[in-house]
Amino acid sequence: MAITMTSYGIRWTDPEGVPRAAGVSYDKASAEDPKTRLTAEKCRDIEIVPVKPGERLQPAG
């Protein structure tokens, strides 16, 4: 049986209104830590989205 790994990126809008995206990818559970930190920093529109291998997530906007 093959195991498939799915990677996730994080997009958000910082407190000044600038769209941002993480430069790294995470597994699903590990993506929750930066999401929690971003929430505490008053960022908004935080989303964890699947990314393909080698794909660089772009800020929303």
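What counts, and where the lines are drawn
- Residues numbered from 1 in each chain as written.
- Predicted model: local features only at pLDDT ≥ 70, side-chain atom pairs only at ≥ 80, totals over all residues.
- Heavy atoms only, no water.
- Helix = DSSP H or I, 4+ residues; strand = E, 2+ residues; numbered from the N terminus.
- Contact = heavy atoms within 4.5 Å.
- Phe/Tyr/Trp six-rings, centres within 6.5 Å; stacked < 30°, edge-to-face > 60°.
- Lys NZ or Arg CZ within 6 Å of the ring centre and 35° of its normal.
- pLDDT = per-residue confidence, 0-100.
- Polar contact = N/O pair within 3.5 Å; in protein donor to acceptor, adjacent residues only side chain to side chain.
- Core = buried A, V, L, I, M, F, W, Y, C linked by side-chain atoms within 4.5 Å.
- Buried < 20%, exposed > 50% of the residue type's maximum accessible area, 1.4 Å probe, protein only.

Draft legend 1. Highlighting the overall build of the chain. Secondary structure summary: the chain contains one helix and three strands in total. Once the C-alpha set of the chain is aligned to its principal axes, its extents read approximately 45 × 20 × 15 Å. Of all intrachain contacts in the chain linking residues separated by at least 6 positions in sequence, the fraction that spans at least 24 positions is 58%.

Draft legend 2. Focus on the packing of aromatic side chains. Per the counting criterion, the structure on display carries zero aromatic pairs. When the ring centre of Tyr8 is taken as origin, the NZ or CZ atom of Lys28, which lies over that ring, is 5.0 Å away.

Draft legend 3. Here's a closer look at the confidence of the model for the chain. Per-residue pLDDT for the chain averages 92, and the proportion of residues at 70 or more is 98%. The secondary structure element of the chain with the lowest average pLDDT is helix H1 (residues 28-40), at 94, and the one with the highest is strand S2 (residues 19-21), at 96.

Draft legend 4. Geometry of the side chain of Thr13. Looking at the element boundaries, Thr13 is found in strand S1 (residues 7-13). A distance of 3.4 Å separates polar atoms of two side chains, one belonging to Thr13 and the other to Asp45. Leave out the neighbours within four places in its chain, and Thr13 touches Val18, Pro19, Cys43, Arg44 and Asp45.

Draft legend 5. Summary view of the side chain of Asp14. Positionally, Asp14 belongs in the loop between S1 and S2. Only 3.0 Å separates the side chain of Asp14 from the backbone nitrogen of Glu16, close enough to count as a polar contact. Polar side-chain contacts of Asp14 include one of 2.9 Å to the backbone nitrogen of Val18. Leave out the neighbours within four places in its chain, and Asp14 touches Arg20, Cys43 and Arg44.

Draft legend 6. Region of the structure containing the nonpolar core. Core analysis: the biggest nonpolar cluster contains nine residues, these being Tyr8, Ile10, Trp12, Ala22, Ala31, Leu38, Cys43, Ile46 and Ile48. At the level of elements, S1, H1 and strand S3 (44-51) are the ones that each hand at least two residues to this core.

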